[in-house]
Amino acid sequence: MKRQTIPAVASTLRTPDELVAHGLAPASSLAVLERVASRYAVAITPDIAALIDPNDPDDPIARQYVPSAEELDTRRIENADPIGDHTYSPVAGIVHRYPDRVLFKLVHVCAVYCRFCFRREMVGPGKDTALSDSAYAAALAYIRSHPEVWEVILTGGDPLMLSARRLRTIMRDLASIAHVKIVRIHTRIPVADPARVTDALVDALTVSGATTWVALHANHPRELTPQARAACAKLVDAGIPLVSQSVLLRGVNDDAATLEALMRTFVECRIKPYYLHHGDLAPGTAHLRTTLEEGQALMRSLRGRVSGLCQPQYVLDIPGGHGKSPVGPNYLVEPNRVADYCGDVHLYPPVDDE
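Residues numbered from 1 in each chain as written. Predicted model: local features only at pLDDT ≥ 70, side-chain atom pairs only at ≥ 80, totals over all residues. Heavy atoms only, no water.

A. Region of the structure containing the overall build of the chain. Check the secondary structure of the chain and you find eleven helices and twelve strands. The C-alpha radius of gyration computed for the chain amounts to 21 Å, which stays within 12% of the reference 20 Å derived for 354 residues, consistent with globular compactness. When burial is assessed residue by residue, the chain has 51% of its 354 residues classed as buried. Of the roughly 16,100 Å² that the chain leaves accessible, carbon and sulfur atoms contribute 54%. Treating the 37 positive side-chain charges of the chain as one cloud and the 41 negative ones as another, the clouds have centres 5 Å apart. (Helix = DSSP H or I, 4+ residues; strand = E, 2+ residues; numbered from the N terminus. Rg over C-alpha atoms; globule rule 2.2 N^0.38 Å. Buried < 20%, exposed > 50% of the residue type's maximum accessible area, 1.4 Å probe, protein only. Areas by Shrake-Rupley, 256 points an atom, 1.4 Å probe, with all protein chains shown as cover. Lys, Arg positive; Asp, Glu negative; His and termini not counted. Charge placed at Lys NZ, Arg CZ, Asp CG, Glu CD.)

As structure tokens, this is what we get:
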């Protein structure tokens, strides 16, 4: 059988018609994908499209970005706001769930739209694209009036969709607030559109008065292409520390070899593995979720076989806005018995023979 190749993609693919034309979806699925796209945003950049193997029906890159009919299956337990952003939003753009930090949602657009996104009902064309000037001012005023806020997390959408000029203004505004010491930026841009990580953008992220961190979202080692690695290196070389965020996804990274390769690749790129998220209860994402037991087994498989540098924290965002809780395996079997990475159980403290 002749292997299918994807025609060169010059710009971001945003419609099912374009996905079919470029060999990323069969023509027979067009009608159902139109239904999916009418509800959930679609965008696949040329960099991501180039990673997809159209000859593999289970391609882990396609599974993250190419819409599927399975997204129309909404379960009763799923929720349009699965982690309770709205519950903890005192003013537009701000989520204040934990005492010492806030989310600052600047934009509601992304370079790519993940099929498992927990904010999939809030992002994309037709949604609020950015905060108005007055809403931005009100959000800054909220942060200023809460001296307990030590860290501001820029999210959305993807904050690196903003221009370098706009980002520079935002970073300076935040750094001018005396009690804000950390600005963390959550992004997929270095993977999805690495060319956007320009010298001007990197310069905009480095400000005096606050320390910048970047949390990179990637779920499969193939996403860390040479171009993505170069974009990450540009940030690290500028003195911006990077951590990773990944989501445990069925058919993408829910096997020990892939997860091990992903975490090692992060560390090789000078990115510290941070969070491995259990899939949220977002509408139409059941086909991508694993069980907690499966996640715990995978975390056990990492312990001991890969460096401690490669160990993320497996977390569940408790539905309803109750925050993240670690849900990794417990090695304290009983109050005085501890399991090692091979599964053997040891008495601790050891028996004192005296």
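Moving on from the model shown.
B. Just the packing of helix 5 (residues 133-144) against helix 6 (residues 164-175), in detail. Their axes nearest at 11 Å, the elements helix 5 and helix 6 cross at an angle of 30°. In this view, helix 5 runs roughly parallel relative to helix 6, as classed from their interaxial angle. In the crossing of helix 5 with helix 6, the sense of the turn from one axis to the other is right-handed. Here Tyr-136, Leu-140 and Ile-143 of helix 5 lie close against helix 6, whose contacting residues are Arg-166, Thr-169, Ile-170, Asp-173 and Leu-174. Looking at side-chain class alone, the contact of helix 5 with helix 6 contains five nonpolar, one polar and two charged residues. (Axes fitted to C-alpha atoms, helices over the stretch in contact; angles between N-to-C directions. Parallel < 35°, antiparallel > 145°, perpendicular 65-115°, else oblique. Left-handed = near helix turned anticlockwise from the far one by under 90°. Contact = heavy atoms within 4.5 Å. Nonpolar A, V, L, I, M, F, W, Y, C, P; charged D, E, K, R; others polar.)

C. Structural detail: the packing of aromatic side chains. Under the counting rule described, the total for this entry stands at two aromatic pairs. Taking 5.8 Å as the distance between ring centres and 15° as the angle between the ring planes, the aromatic pair formed by Phe-104 and Tyr-136 counts as stacked. Linking Phe-104 in strand 2 (residues 101-105) with Tyr-136 in helix 5, this pair joins segments that are 32 residues apart in sequence. We classify Tyr-136 as buried; its relative accessible area is 7%. For the ring pair Tyr-274 and Tyr-275, a centre distance of 4.0 Å and an interplane angle of 20° mean the geometry is stacked. (Phe/Tyr/Trp six-rings, centres within 6.5 Å; stacked < 30°, edge-to-face > 60°.)

D. Expanded view of the environment of Cys-232. Mapped onto the elements, Cys-232 comes out in helix 9 (residues 226-237). Assessed through its relative accessible area of 0%, Cys-232 is described here as buried. Sequence separation between Cys-232 and Ile-271 is 39 residues, and the spatial gap between their C-alpha atoms is 8.3 Å. Those residues in contact with Cys-232 that lie beyond four places of it in its chain are Pro-190, Leu-216, Leu-242 and Ile-271.

E. Examining unusual backbone geometry more closely. With omega at 20°, the peptide bond leading from Gly-156 into Gly-157 counts as cis. By the element assignment, Gly-157 lies in the loop between strand 3 (151-155) and helix 6. Omega for the bond connecting Tyr-348 with Pro-349 falls within 30 degrees of zero, at -5°, which places this linkage in the cis form. Within the fold, Pro-349 resides in the segment after strand 12 (345-347).

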